[in-house]
Amino acid sequence: MRHVAVASPYHLSQSNRNSTTSGMKKKYMLPAFLAAMITVGANAQGRFDEMTYDKTKTVFRLNAPSLPKVRIYKNGQGGRPVKTVKMRAIGDNRWEATVKGDLGGMFYTFDIGRGECPGTFAKAVGVNGSRGAIINMADTDPVGWADDQRPPLASPADLVIYELHMRDFSISPTSGLQHRGKYLALTEPRAIDYLKRLGVNAIHFQPLFDFASIDETQLYRPQFNWGYDPKNYNVPEGSYSTDPYQPGVRIREFKAMVQALHKAGIRVIFDAVYNHTFDIAGSNFQLTYPDYYYRKTADGRYSDGSGCGNETASERPLMREFMIESVKYWVNEFHIDGFRFDLMGIHDIETMNQIRAAVDQIDTTLYIYGEGWSAGACAYPQDSLAMKANTHRLNGIGAFSDDMRDALRGPFSDDTKGAFLAGIKVEEESLKFGIVGGIAHKQVDMARVNYDKQPWANEPTQQISYVSCHDDMCLVDRLKASIPGLSDATRPEADRMAELIRLDLLAQTAVFTSQGVPFMLAGEEMLRDKKGVHNSFASPDSINEFNWDNLKQHPQVFEYYRALIGLRKHHPAFRLASADAVRSHLEFIATDDCLVAFRLKDLEGIDTWREIVVILNANRAAVPVTVPEGEYTVACCNGVICEAGIGMPVNGSEVVVPRQSAMILYKK
């Protein structure tokens, strides 16, 4: 049966989140039987090496509360086991079995009497992931893998994150790619050259672990899902490989993709969905250690902070250790460069900080961020969860700024309601809060910010600046839904398209000239749309795929995005890495309604430009703006970016900013 729970929206509006989580004022009481399980788990520290193979023997280990059996199979599905072995106790709730001989190429399951599964930490699986695979992981390395180098990164502020669904990018015939919908599409020169030309230096892939909603035996028919329904957390998804029946193929092709992106100077960010599983009864957690890995409410019901029927218990020793070891495994085995935590607000602060510390021991440049909210009330004290409001207690971990997102385009809860981009006043202060990177700034009046009344970031690099992402309308659709006149069929198509493009470019200029870490939904640079679908988690390719022909129809949009990304990369003033630097160098300029203007000043030794002024005009008319007296070069105006200058220099203390657009000026 298809997992319909994933259809639940992952981001609630701020007002809905407040009402949903208000129940957390009640004291959370841990049921006695679960408290006992935590004690048991604390004495059962496992390494999660659930299968260790060499040609002479294979060792199986498992954390479980009762005697497990290991079953050995010839194939990844079907057939009877060729061997069944009882495991032996090696500690409290810790079991081991050794099978002599060469089992390479065979498959296995664990069974404690509730049903068979590959355990919690399978590293290779057969088709559809129901059996673990016994392989030599070294055989999955592509040529040159040992020499793979992570692209350098001085600060997270230098990242330009591109959120991408594997299938969306290449599945359309218009992509011109050979391996459509596959890992290998991202190894093809056409794809690599496109990404390099755009200028992004980090791809945040939507889930690439083995998820449950796609039948890997039915790939001859179109199937689509975002993948937020985990089955095997530590194995790549098989439907994106050229052969899901061969366990090593998906691993080798995943690595080949990472290798190709690294060679192009592009980091790979992994979407980590540890907060829930596809279901409870059939999950690997439940089939090996019943009820240990999930939170329950005081009355014994499974808590549902994920909106998907369950929530995991990150605070429990085995789950915490599982998350830490899983993250480390993806870094070490697959050379992953960062992690985005889905519904991070479900996880406890301590676990997230321990993950950060564990990652730092490998490479301090690996970036970690997440959604600072849950989709419902969690069975854990809210002040101990990794919510956005608690980001200041997270060590070097970022969170998405819905303050900035909704200030620009309107609330998540109402697709038809606009904000700054619609020429609606009152959102200017919230936008300013996003521009400074979510930190305390004397010119930002927190009482007037839409959601947060206290700064939540210690440093600007803890804010993800964005206007759209996967689980929402893409920017084009949101503008059409919320801006009066953009969907008016009686209005000339050319006029509507011109306004749509103006507002699209204005929105992204706000994002990319802000402090923090810029983030964009893949395809926005080619005016991607999803036919107005908000939650396209299981919509067909016709809704989710990129239309590459848009690049021919609207080349000026791609060119603006490319130049905007280049502008940010070329000028460190747009990516100051510390709160003190932002407070010292970023100053807002007084403006009227639906205008936000700021200058970056005293930039000697920081930037080749001595002073920069950015003006964002959401009004439907050109507006004069007073700026500090001087001679300026215009780098951005009327939907064009040219760092060398547009037209003649501007002298004086007033500029006129065209309607619904950004202007960027600088002093040499």
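Residues numbered from 1 in each chain as written. Predicted model: local features only at pLDDT ≥ 70, side-chain atom pairs only at ≥ 80, totals over all residues. Heavy atoms only, no water.

Regarding the overall build of the chain
Move 1: Within the chain one finds 16 helices and 25 strands.
Move 2: Taking 668 residues into account, the globule formula puts the C-alpha radius of gyration at 26 Å, and the chain, at 26 Å, falls close to it.
Move 3: Dimensions of the chain along its principal axes, counting C-alpha atoms only, are 85 × 55 × 55 Å.
Move 4: Each of the 668 residues in the chain was classed as buried or not, and the buried ones make up 64%.
Move 5: Put simply, the chain shows about 23500 Å² of open surface, and 51% of that area lies on carbon and sulfur atoms. (Helix = DSSP H or I, 4+ residues; strand = E, 2+ residues; numbered from the N terminus. Rg over C-alpha atoms; globule rule 2.2 N^0.38 Å. Buried < 20%, exposed > 50% of the residue type's maximum accessible area, 1.4 Å probe, protein only. Areas by Shrake-Rupley, 256 points an atom, 1.4 Å probe, with all protein chains shown as cover.)

Digging into the packing of helix α9 (residues 402-409) against helix α10 (residues 428-435)
Move 1: With their axes 8 Å apart at the nearest point, α9 and α10 run at an angle of 135° to one another. When the interaxial angle is binned, α9 and α10 end up oblique. In this structure, α9 crosses over α10, and the sense of that crossing is left-handed. The segment α9 lies against α10, with Asp403, Met404, Ala407 and Leu408 engaging Ser430, Leu431, Phe433 and Gly434.
Move 2: Of the residues belonging to the contact of α9 with α10, the class tally is five nonpolar, two polar and one charged. (Axes fitted to C-alpha atoms, helices over the stretch in contact; angles between N-to-C directions. Parallel < 35°, antiparallel > 145°, perpendicular 65-115°, else oblique. Left-handed = near helix turned anticlockwise from the far one by under 90°. Contact = heavy atoms within 4.5 Å. Nonpolar A, V, L, I, M, F, W, Y, C, P; charged D, E, K, R; others polar.)

A word on the sheet that holds strand β15 (residues 367-370)
Move 1: Judged by pairing direction, the barrel is parallel, and its eight strands sit side by side in the order β9-β10-β13-β14-β15-β16-β17-β18 before closing back on the first. Taking the axes of each pair of neighbouring strands and ignoring which way they run, one obtains an average angle of 30° across the sheet.
Move 2: In this structure, strand β9 (residues 161-164) lies alongside strand β18 (residues 517-521), joined through three bridges in parallel fashion. Each residue of the ladder has a partner; that of Tyr162, found in β18, is Met520.
Move 3: Across the sheet, helix α7 (residues 317-334) touches β13 (267-272) and β14 (338-341), and the angle it forms with β14 is around 140°. (Pairing = 2+ DSSP bridges.)

Points about the confidence of the model for the chain
Move 1: For the chain, per-residue confidence averages 93 on the pLDDT scale, and 93% of positions sit at 70 or higher.
Move 2: Segment residues 1-45: pLDDT under 50, and 95 contacts once partners within four positions in sequence are set aside and those in other chains are kept. (pLDDT = per-residue confidence, 0-100.)

Here we look at the sheet that holds strand β8 (residues 132-133)
Move 1: In spatial order, the strands read β4-β3-β7-β8; together these four strands make up an open sheet with antiparallel pairing. Edge strands, defined here as strands with exactly one partner in the open sheet, are β4 (83-86) and β8.
Move 2: For strand β7 (residues 107-111) and β8, the ladder comprises two bridges, and the chain directions are antiparallel. Its bridge partner lying in β8, Phe107 is registered against Ala133.

Looking at the packing of aromatic side chains
Move 1: Counted by the stated rule, this structure contains 42 aromatic pairs.
Move 2: The positively charged end of Lys255 is found above the aromatic ring belonging to Phe334, 5.7 Å away from the centroid. (Phe/Tyr/Trp six-rings, centres within 6.5 Å; stacked < 30°, edge-to-face > 60°. Lys NZ or Arg CZ within 6 Å of the ring centre and 35° of its normal.)

Section: the state of the cysteines
Move 1: For the structure shown, the criterion picks out zero disulfides.
Move 2: Left unpaired, Cys308 is separated from the closest cysteine sulfur, that of Cys378, by 12 Å.
Move 3: Classification of Cys308 as buried rests on a relative accessible area of 3%. (Disulfide = S-S within 2.5 Å.)

Quick look at the nonpolar core
Within soluble globular proteins, side chains that are nonpolar generally end up buried alongside one another.
Move 1: Tyr162, Phe169, Leu186 and Phe341 are the most contacted members of the largest nonpolar core, which has 148 residues in total.
Move 2: If sequence neighbours within four positions are ignored, Phe169 has contacts with Tyr162, Leu164, Ser175, Leu177, Leu186, Ala191, Tyr194, Leu195, Phe546 and Trp548. (Core = buried A, V, L, I, M, F, W, Y, C linked by side-chain atoms within 4.5 Å.)

Remarks on the environment of Pro247
Move 1: As for its placement among the helices and strands, Pro247 is situated in helix α5 (residues 247-263).
Move 2: Using a relative accessible area of 8% as the deciding quantity, one classes Pro247 as buried.
Move 3: The contacts of Pro247, once residues within four sequence positions are left out, are Phe107, Ala124, Val125, Ala133 and Ile135.

A word on the side chain of Asp403
Move 1: With respect to the helices and strands, Asp403 occurs in helix α9.
Move 2: Polar side-chain contacts of Asp403 include one of 2.8 Å to the side chain of Lys388.
Move 3: Not counting residues up to four positions away in its chain, the partners in contact with Asp403 are Lys388, Ser430, Phe433, Val449, Asn450, Tyr451, Asp452 and Trp456. (Polar contact = N/O pair within 3.5 Å; in protein donor to acceptor, adjacent residues only side chain to side chain.)

Quick look at the pairing of strand β5 (residues 88-91)
Move 1: Bridge count for β5 against strand β6 (residues 94-100) is three bridges, and the pairing is antiparallel. What sits directly across from Gly91, in β6, is Arg94.
Move 2: The loop that links β5 with its antiparallel partner β6 comprises two residues; one of these, Asn93, has a positive phi angle of about 55°.

Details of helix α8 (residues 349-360)
Move 1: For α8, with 12 residues, the first-to-last C-alpha span of 17 Å sits near the 16 Å given by 1.5 Å per residue.
Move 2: Three or more residues of α8 are buried, namely Ile349, Thr351, Met352, Asn353, Ile355, Arg356, Ala358 and Val359.
Move 3: Tucked inside the fold, the buried residues of α8 contact α7, β14, β15 and β16 (397-400). (Expected span 1.5 Å × (residues − 1).)

Section: the environment of His470
Move 1: As for its position among the elements, His470 is in the loop between β17 (463-465) and α11 (475-482).
Move 2: The exposure class assigned to His470 is buried, which follows from its relative accessible area of 2%.
Move 3: Residues His470 and Leu164 lie 306 residues apart in sequence; the distance between their C-alpha atoms is 8.2 Å.
Move 4: Each residue touching His470, except ones within four places of it in the same chain, is listed here: Glu163, Gln206, Trp226, Tyr228, Arg340, Leu521, Lys530 and His534.
Move 5: At a separation of 3.2 Å, a polar atom in the side chain of His470 contacts the side chain of Tyr228.

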